[in-house]
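# Remarks on the overall topology
Here is how the chains run, residue by residue.
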Amino acid sequence: MLKTLGKYLFMIELGYKYIKVFKQTYFHPFITQKYAYQELSRARQAYSNKVLDFLNIKIKLVGELPKKDKILYAINHRSLLDILVMENIFSKDKKSGAWIAKQELFDDPLYGKFFQYSACISVDLENKRGLLTFFKKIKKTLSKVDDLNIYIFPEGERYSGEGVKEFQSGAAKIAKANNLDIVPVFINDKLEKVFKNAPYKDTYTVEVHVGDIVQSENLQEQYIQFYKSIKESNK
């Protein structure tokens, strides 16, 4: 009980400190949008790395991120740790990016401001007009920020089963509409259990696989092939 309470208190307290950091950039009147996304990405990464250090979790990357930017990273989703794990990886390559997140996360009274001020982009799946605004915002942002990457969970929600669940159409539509290459990423662990048991006395290692660039057509089929190749290599 104390172990569980301790990690949540640490994350929440640190999160509120970083909201203040985010807001300094978010509301700055004299910086470019590109610089703002870079600064907010660095701040998210710093937050994530501090939390992972507290939990005593390190990341083993299999494969490598492309050197180019304006990539859509399609990532499987199991836990709130997923974002922290990926930010740790992005920090090592100094990547700048924006997470796509459901509007309900922005509305959350506890951590909604964290998403709002840290350069995440909200999408309201229940609102057709909101969806149109969402796609316009991404296109406009990518036209102004030439090194921005898009981070998305194509499943649309957490999945606790084996492999991945059926993808929603959003990831492929974003990539196609903005001429973005897609990089599949598979976090090869059950991070919901990893988080439940954290923090660790002995360092726990999470394995993350990065695939080759794929296109938006038949995204899920290509992702499943990528996933199967990982499972075959681990036999």
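Above this text sits the structure in question.
Residues numbered from 1 in each chain as written. Predicted model: local features only at pLDDT ≥ 70, side-chain atom pairs only at ≥ 80, totals over all residues. Heavy atoms only, no water.

Counting its regular elements, the protein contains 9 helices and 7 strands. By the compact-globule yardstick of 18 Å for 235 residues, the protein fits well, its C-alpha radius of gyration being 17 Å. Summarising its shape, the C-alpha atoms of the protein cover approximately 45 × 45 × 35 Å along the three principal directions. Counting every position in the protein, which comprises 235 residues, the buried fraction comes to 49%. Taking the intrachain contacts of the protein between residues at least 6 apart in sequence as the baseline, contacts between residues at least 24 apart amount to 77%. (Helix = DSSP H or I, 4+ residues; strand = E, 2+ residues; numbered from the N terminus. Rg over C-alpha atoms; globule rule 2.2 N^0.38 Å. Buried < 20%, exposed > 50% of the residue type's maximum accessible area, 1.4 Å probe, protein only. Contact = heavy atoms within 4.5 Å.)

On to the pattern of salt bridges. Should the charged atoms of two oppositely charged side chains come close, the side chains can pair. Evaluation of the coordinates by the stated rule reveals 9 salt bridges. K60 is paired through a salt bridge with E207; the nearest N and O atoms lie 3.9 Å apart. Taken together, the residues K60 in strand β1 (residues 57-62) and E207 in strand β7 (residues 204-210) connect sequence positions 147 residues apart. (Salt bridge = Lys/Arg side-chain N within 4 Å of Asp/Glu carboxyl O.)

Residue classification places E207 among the buried residues on the basis of a relative accessible area of 18%. Within polar-contact distance, the side chain of E207 engages the side chain of H209 at 2.6 Å. Once residues lying within four places of it in the same chain are set aside, the contact partners of E207 are K60, V62, F186, I187, N188 and N234. (Polar contact = N/O pair within 3.5 Å; in protein donor to acceptor, adjacent residues only side chain to side chain.)

What follows concerns the side chain of S79. Position of S79 relative to the elements: it lies in the loop between β2 (71-75) and α3 (81-92). With relative accessibility at 4%, the residue S79 sits in the buried group. At 3.0 Å, the side chain of S79 forms a polar contact with the backbone nitrogen of L81. Once residues lying within four places of it in the same chain are set aside, the contact partners of S79 are R158, L191, E192 and F195.

So, about the environment of S48. Looking at where S48 falls in the secondary structure, it is placed in helix α2 (residues 33-55). Here S48 falls in the buried class, since its relative accessible area comes to 2%. In contact with S48, other than residues within four places in its own chain, are I83, L84 and E87.

Let us look at the layout of surface pockets. Within this model, the largest pocket holds a volume of roughly 1200 Å³. Along the wall of the largest pocket there are 44 residues; nearest its centre are H77, I83, A101, L105 and F115. Broken down by secondary-structure element, the contributors of at least two residues to the lining of the largest pocket are α1 (2-26), α2, α3, β3 (96-102), α4 (103-107), α5 (112-117), α6 (128-144) and α7 (170-177). At 6 residues, the largest contribution of residues to the lining of the largest pocket is made by α1. Along the lines of polarity and charge, the residues of the lining of the largest pocket split into 28 nonpolar, 9 polar and 7 charged. Mapped by element, the contributors of at least two residues to the lining of the second largest pocket are α1, α2, β4 (121-123) and α6. (1 Å grid on protein atoms, 1.4 Å probe; cavity = no way out; pocket = protein on both sides within 12 Å on 5 of 7 lines; lining within 4 Å. Points joined across faces, edges and corners; volume = space filled by probe spheres on them. Nonpolar A, V, L, I, M, F, W, Y, C, P; charged D, E, K, R; others polar.)

This part is about the pairing of β3. Of all 7 residues in β3, 6 are buried; the element is thus mostly enclosed. The pairing of β3 with strand β5 (residues 148-152) spans 4 bridges and is parallel. Opposite S96, over in β5, you have L148 as the bridge partner. Taken together, the 3 bridges between β3 and β4 define a ladder with parallel strand orientation. Counted as the bridge partner of K102 is V123 from β4. (Pairing = 2+ DSSP bridges.)

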